[in-house]
Amino acid sequence: MLGLVLEGGAMRAIYTAGVLDVFMEQNIWPDGLIGVSAGAIHGSVYLGNQPGRTIRYYKKYSRHKNFMSFYSLLTTGDLVGEQFCYHDLPDFLDPFDYDTFAQSKTAYYVTCTDLDSGKAIYRRCTDLHQEMEYMRASASMPYVSKIVKIEGQKLLDGGVADSIPLKAFQQMGYDKNIVVLTQCEGYRKKPQKPWLAKLFYRKYPRFIDTLLHRHTAYNQSVRDVEDAAAKGDVFLIRPSQDLKIDRMERDPARLEAQYNLGRADALAALPALKEWMNR
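So, a few notes on the structure that sits alongside this text. (Residues numbered from 1 in each chain as written. Predicted model: local features only at pLDDT ≥ 70, side-chain atom pairs only at ≥ 80, totals over all residues. Heavy atoms only, no water.)

A closer look at the packing of helix α2 (residues 38–47) against helix α3 (residues 53–61)
Next, step 1: Packing of α2 against α3 brings their axes to within 9 Å, and their N-to-C directions diverge by 125°. Relative to α3, α2 is oriented oblique. Residues Ile-41, His-42 and Val-45 of α2 form the contact with α3, whose own contacting residues are Arg-53, Thr-54, Tyr-57 and Tyr-58.
Next, step 2: For the contact of α2 with α3, the residue count by class is 4 nonpolar, 2 polar and 1 charged. (Axes fitted to C-alpha atoms, helices over the stretch in contact; angles between N-to-C directions. Helix = DSSP H or I, 4+ residues; strand = E, 2+ residues; numbered from the N terminus. Parallel < 35°, antiparallel > 145°, perpendicular 65-115°, else oblique. Contact = heavy atoms within 4.5 Å. Nonpolar A, V, L, I, M, F, W, Y, C, P; charged D, E, K, R; others polar.)

Quick look at the structure:
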């Protein structure tokens, strides 16, 4: 089965939206998709078959005080405004196509991190009207987000436990995968500050341990993806240049440049991708 694995990266992951818009235009649909954080968000728009939607609302609302801002953090406890981003925007301001998403033949999985166990969970979502909280949990970054509680579980950013869930998807039976990363070749994650993790999450020692080893796990995941790509089991797409887009970038012009890079890289990769898919 053909899978699509989408890394997160907050605002930097608008790159992925550019890639996915090209996929929509080219009618490329995998059997399954697994997303992490912003990757899960952009993946949902892809399965809703709404090309152009993500960059449209990013350009319009990236500087809104309730989109992603310290104002939102100080007034609500969440850097990303829950009401604005997960209700007002998809339901009214730039409607999300819930029906098309629900009818998609591509299985959709969201990656979250469970605070009690410190491990990743992979939730298949079929109805985002009812399961939007899982996507919100996946995109709730540590330190700047409140813990999301769902069905007795306490969840945060899926990237803490599994930033690039290729192995998890392979274990589910997706033996051929397209992987979209949001960091350039050569990037390696650095260690977290132990005191900060212990200050914020002292009630969750397993989550602290996962946080403090996140860089090691991430860097190994990148090597695994690169090895799988070299063997032909994975088709890898990642930024061809570093535009220095920060996780909290709010400049619409810079975000559009990152999006356009995703489009350009996807278009450049199309001939090789189609050949790889037909093998």
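Observations regarding the environment of Leu-128
Next, step 1: Structurally, the position occupied by Leu-128 is in helix α7 (residues 128–138).
Next, step 2: Each C-alpha atom of the pair Leu-128 and Asp-246 lies 28 Å from the other, and the pair is 118 residues apart in sequence.

Let's talk about helix α11 (residues 214–231)
Next, step 1: The terminal C-alpha atoms of α11, which comprises 18 residues, lie 26 Å apart, in line with the 26 Å expected from a rise of 1.5 Å per residue.
Next, step 2: Downstream of α11 by one or two residues, Gly-232 has phi in the positive range, about 95°. (Expected span 1.5 Å × (residues − 1).)

A word on helix α1 (residues 14–25)
Think of an α-helix as 3.6 residues a turn; residues three or four steps apart then line up on the same face.
Next, step 1: Compared with an ideal rise of 1.5 Å per residue, which puts 12 residues at 16 Å, α1 spans 17 Å between its outermost C-alpha atoms and is within 8% of the ideal.
Next, step 2: Extensive coverage of α1 is indicated by the burial of 11 of its 12 residues.
Next, step 3: Buried residues of α1: Ile-14, Tyr-15, Thr-16, Ala-17, Gly-18, Val-19, Leu-20, Asp-21, Val-22, Phe-23 and Met-24, and no others.
Next, step 4: Each element contacted by the buried residues of α1 is listed here: β1 (2–6), α2, α3, β7 (176–180), β8 (234–237) and α12 (252–277).
Next, step 5: Among the residues trailing α1, Asn-27 stands out with phi positive, at a value near 60°. (Buried < 20%, exposed > 50% of the residue type's maximum accessible area, 1.4 Å probe, protein only.)

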